[in-house]
Amino acid sequence: MAPDFLLPTNSIVRPDKDTFLNEVNPFEGMMSRFDRAAELLDLEPGLYKVLRHPEKQIITSIPVMMDNGEVEVFQGIRVLYNTSRGPAKGGIRFDLNVTLDEVTALAAWMTWKCAVVNIPFGGAKGGVICDPLKMSVGELERLTRRYTASIISTLGPDSDVPAPDVNTNERVMAWIMDTYSMRVGHTVTAVVTGKPVEMGGSLGRREATGRGCMLVTRDALKHLGMDVKGATVAVQGFGNVGSVGAQLLQREGCKIIAISDRTGGWHDPKGIDVDAAIEYVKKHKTLEGYNKGTAVTNEELLTLEVDVLLPAALENVITTKNAAQIRAKVICEGANGPTTAAADAILDEKGIFVIPDILANAGGVTVSYFEWVQDRGGYFWTEKVVNERLEDIMVNSFAAVLNLATQHKVNMRTAAYMLSISRVATVHRLRGIYA
Ligand code: NAD
């Protein structure tokens, strides 16, 4: 059966939620949460239909001259899910597993994420189906520039602002910015975020997502009456989000007792020196051979007895298969979609306080917003100012979601969806339908 977002827009029957509870399908996972919040908000049927559909999906062929002189054709996707609150915002990933379904789900997620922290952006996502690890720098540059050219009609600081995602980085953003600038005839730094600081990037962007995780975890512990100092933490994923999150939580006095990456993990009840582990990874690329504490698998790490679990690697790691074994009191979703929709109910039953991804990892897009503001104003802030403004937004957003959760007696995820959907819905009501 075709995914729901491809069904005719005149289908008026709300789908049975169970039909959509396919455990790991990203679009269905997102939609089952959306449906629950929409029902609690008593969203009017017309608006419900509008918000269940992406605004625009571009699928494009990207011919690239490879280094061996042969032409390869790649498929590129850009989805603008909703732009009612402002320009579309969302990363571009280069990966063999990119699908329209996944990109659409991620674009919807970006819509809710920007709305939950109340920044004036809509949501988008893009991807190119390719294996970047097997491509040369020249091939990647040609791919990036041709992809940029083929989606140029949507791009622009007022319409669609990409950022790095899986297997793309500041260098790729620099190529997109240059290609766009060449096409419009002048330099437009605000067309992408996550750029090198030397060409309009923001100080504090690299640490922003991990910093946001630290801030909401700190507030969650305080809300639960738990001491931040001495709280034990396990971190899955030791890349940008996980390592910075662990480092900043340690600075707040938490005890990081387990860390992991794709090579496996390490558990030390006495506490891990995060700065030393970061230095180890800088030198050796991964945690393999770190040898401090006891080796644990990624699966074991998730079920350790800790105060806080920070999944910061992959989607769909907490499922109906392991949710019952999770012993953390707080889960801070640093990764996008680490918990399946079906696992939510099990975590709820166990009384685990989940800080949902659209709130927990929104620090990154918040500082992307700051980058866009700085580029447009041509005036750059100190890192201290960036961090202070990020803290204001994260603290206020956490409080707003918690307030709604308490008021409606729902969990933090449902409250976060309710808050963001209601913000997007309000703008739709005020704008009306253009005909
Ligand atoms: P990254 O590439 O810097 O780090 C990913 C980490 O996960 C690495 O340590 C890697 O070894 C580990 N990993 C990969 N496969 C694994 C596996 N099977 N088991 C355990 N660990 C594994 O990525 P990142 O930027 O830190 O992003 C991590 C997550 O956070 C992703 O879900 C991403 O979408 C999400 N996120 C990132 C940002 C950001 O600003 N970087 C913002 C919002 C959300």
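Whatever comes next refers back to the structure up there.
Since the model is a prediction, treat every value here as computed from it, not as a measurement.

1. Quick word on the pairing of strand 10 (residues 308-311)
Burial along strand 10 is two-sided: the face carrying V308 and L310 and the face carrying L309 and P311 are both buried. Where strand 6 (residues 232-236) meets strand 10, 4 bridges bridge the pair, whose relative direction is parallel. Bridge assignment links Q236 to a residue of strand 10, and that residue is P311. Relative to strand 11 (residues 330-332), strand 10 runs parallel, the two sharing 2 bridges. Looking across to strand 11, one finds that V308 is bridged to V330.

2. Observations concerning the nonpolar core
Core analysis: the biggest nonpolar cluster contains 97 residues, and M30, F34, L43, W112, F238, I256 and I355 have the highest contact counts within it. A per-element tally of this core places helix 4 (residues 100-116) first, with 12 residues. Look past the residues within four positions of F238 in its chain and what remains in contact with it is S243, A246, I259, S260, D261, V274, A277, I278, V281 and L287. Core analysis: the next-biggest nonpolar cluster, separate from the first, contains 25 residues, I92, C130, V172 and V188 among them.

3. Focus: empty space enclosed by the protein
Taken as a whole and assessed by the stated rule, the structure comprises 1 cavity of 30 Å³ or more. Considered as a void within the structure, the largest cavity measures approximately 40 Å³ in volume. Lining the largest cavity are D344, L347, D348, V354, N411 and R413. Among the elements that line the lining of the largest cavity, the one with the most residues is helix 11 (residues 341-349), at 3 residues. Of the residues assigned to the lining of the largest cavity, the class counts are 2 nonpolar, 1 polar and 3 charged.

What counts, and at which threshold
Residues numbered from 1 in each chain as written. Predicted model: local features only at pLDDT ≥ 70, side-chain atom pairs only at ≥ 80, totals over all residues. Heavy atoms only, no water. Buried < 20%, exposed > 50% of the residue type's maximum accessible area, 1.4 Å probe, protein only. Helix = DSSP H or I, 4+ residues; strand = E, 2+ residues; numbered from the N terminus. Pairing = 2+ DSSP bridges. Core = buried A, V, L, I, M, F, W, Y, C linked by side-chain atoms within 4.5 Å. Contact = heavy atoms within 4.5 Å. 1 Å grid on protein atoms, 1.4 Å probe; cavity = no way out; pocket = protein on both sides within 12 Å on 5 of 7 lines; lining within 4 Å. Points joined across faces, edges and corners; volume = space filled by probe spheres on them. Nonpolar A, V, L, I, M, F, W, Y, C, P; charged D, E, K, R; others polar.

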